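# Architecture and fold: a report
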Amino acid sequence: DRKVALDFLKSNVQANLPPHIQPKAVVKELTWGQNLGSFSSGEFDLILGADIIYLEETFTDLLQTLEHLCSNHSVILLACRIRYERDSNFLAMLERQFTVSKVHYDPEKDVYIYKAQKRSQREDL
């Protein structure tokens, strides 16, 4: 997350993970498209994102970051509202590099959850 949110995120990890798992959880600053070398490429099994697709000028950096973090086995879960055309545009951009499917919709909150996984080389042929 952004530097300003790290303390809150660390307290969330401590409050919600069993003590024996906490040392495995690392909380680090991440700005889309920046300093990606400090994160191992393709080392993440699960990436969770909520309301992260609201600034169009960050879409390219966000995609670059997801591409860097994911292996062919990584799963991305994105929770969001589709309020504007730009939200749908991001999902279309994501589908160029990832297989994307809607896995849940909460009509009461108007929130979608999308699952994305890197497209395999064979799929692109």
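For clarity, every value in this text was computed on a predicted model and none was experimentally measured. (Residues numbered from 1 in each chain as written. Predicted model: local features only at pLDDT ≥ 70, side-chain atom pairs only at ≥ 80, totals over all residues. Heavy atoms only, no water.)

### Things to note about the packing of aromatic side chains
Applying the stated criterion to the full structure yields three aromatic pairs. Relative to Tyr-112, the ring of Tyr-105 lies with its centre 4.3 Å away and its plane at 35 degrees, an arrangement referred to as tilted. On the accessibility criterion, Tyr-105 (33% relative accessible area) is partly exposed. Connected via pairs of aromatic rings, a cluster forms that spans Tyr-105, Tyr-112 and Tyr-114. One cation-aromatic arrangement involves Lys-28 over Phe-39; the distance from NZ or CZ to the ring centre is 4.3 Å. (Phe/Tyr/Trp six-rings, centres within 6.5 Å; stacked < 30°, edge-to-face > 60°. Buried < 20%, exposed > 50% of the residue type's maximum accessible area, 1.4 Å probe, protein only. Lys NZ or Arg CZ within 6 Å of the ring centre and 35° of its normal.)

### Quick notes on the packing of helix H2 (residues 59-69) against helix H3 (residues 85-97)
Two numbers describe how H2 lies on H3: the axes approach to 11 Å, and their chain directions differ by 35 degrees. Seen from above, H2 lies across H3 with right-handed handedness. The residues of H3 that touch H2, namely those facing Phe-59, Thr-60, Leu-62, Leu-63, Leu-66 and Glu-67, are Arg-86, Phe-90, Met-93, Leu-94 and Gln-97. Here the contact of H2 with H3 is built from residues that sort into seven nonpolar, two polar and two charged. (Axes fitted to C-alpha atoms, helices over the stretch in contact; angles between N-to-C directions. Helix = DSSP H or I, 4+ residues; strand = E, 2+ residues; numbered from the N terminus. Left-handed = near helix turned anticlockwise from the far one by under 90°. Contact = heavy atoms within 4.5 Å. Nonpolar A, V, L, I, M, F, W, Y, C, P; charged D, E, K, R; others polar.)

### Side note on the pairing of strand S1 (residues 44-50)
By the bridge criterion, six bridges tie S1 to strand S2 (residues 70-80) in an arrangement that is parallel. Bridging from a neighbouring strand, Ala-50 pairs with Ala-79 of S2. (Pairing = 2+ DSSP bridges.)

### Focus on the pairing of strand S4 (residues 111-118)
Side-chain alternation along S4 places Tyr-112, Tyr-114, Ala-116 and Lys-118 on a buried face and Val-111, Ile-113, Lys-115 and Gln-117 on a face that remains uncovered. Direction of pairing for S2 relative to S4: antiparallel, over a ladder of five bridges. Within S4, the residue paired with Ile-76 across the bridge is Ala-116. The sheet contact formed by strand S3 (residues 98-106) and S4 spans eight bridges and is antiparallel.

### Brief notes about the layout of surface pockets
Of the pockets and cavities examined, the largest pocket occupies roughly 1200 Å³. Lining of the largest pocket is provided by 30 residues; of these, Asp-1, Leu-9, Lys-28, Leu-30 and Leu-48 occupy positions nearest its centre. Only helix H1 (6-16), S1 and H2 provide two or more residues apiece to the lining of the largest pocket. Ranked by residues supplied to the lining of the largest pocket, first place goes to S1 with seven residues. A class-by-class count of the residues in the lining of the largest pocket yields 18 nonpolar, five polar and seven charged. (1 Å grid on protein atoms, 1.4 Å probe; cavity = no way out; pocket = protein on both sides within 12 Å on 5 of 7 lines; lining within 4 Å. Points joined across faces, edges and corners; volume = space filled by probe spheres on them.)

### Observations regarding the environment of Leu-94
Checked against the element boundaries, Leu-94 lands in helix H3. Once the C-alpha coordinates of Leu-94 and Lys-118 are considered, the two residues, 24 residues apart in sequence, prove to be 9.4 Å apart. Excluding residues within four positions of it along the chain, Leu-94 makes contact with Leu-63, Leu-66, Leu-78, Val-100 and Ala-116.

### Topic: unusual backbone geometry
Positive phi outside glycine occurs at Asn-35, with the angle close to 50 degrees. You can call Asn-35 exposed: its relative accessible area is 63%.

### Some words on H2
All of the buried residues along H2 are Phe-59, Leu-62, Leu-63, Thr-65, Leu-66, His-68 and Leu-69. Packed against the buried residues of H2 are S1, S2, H3 and S3.

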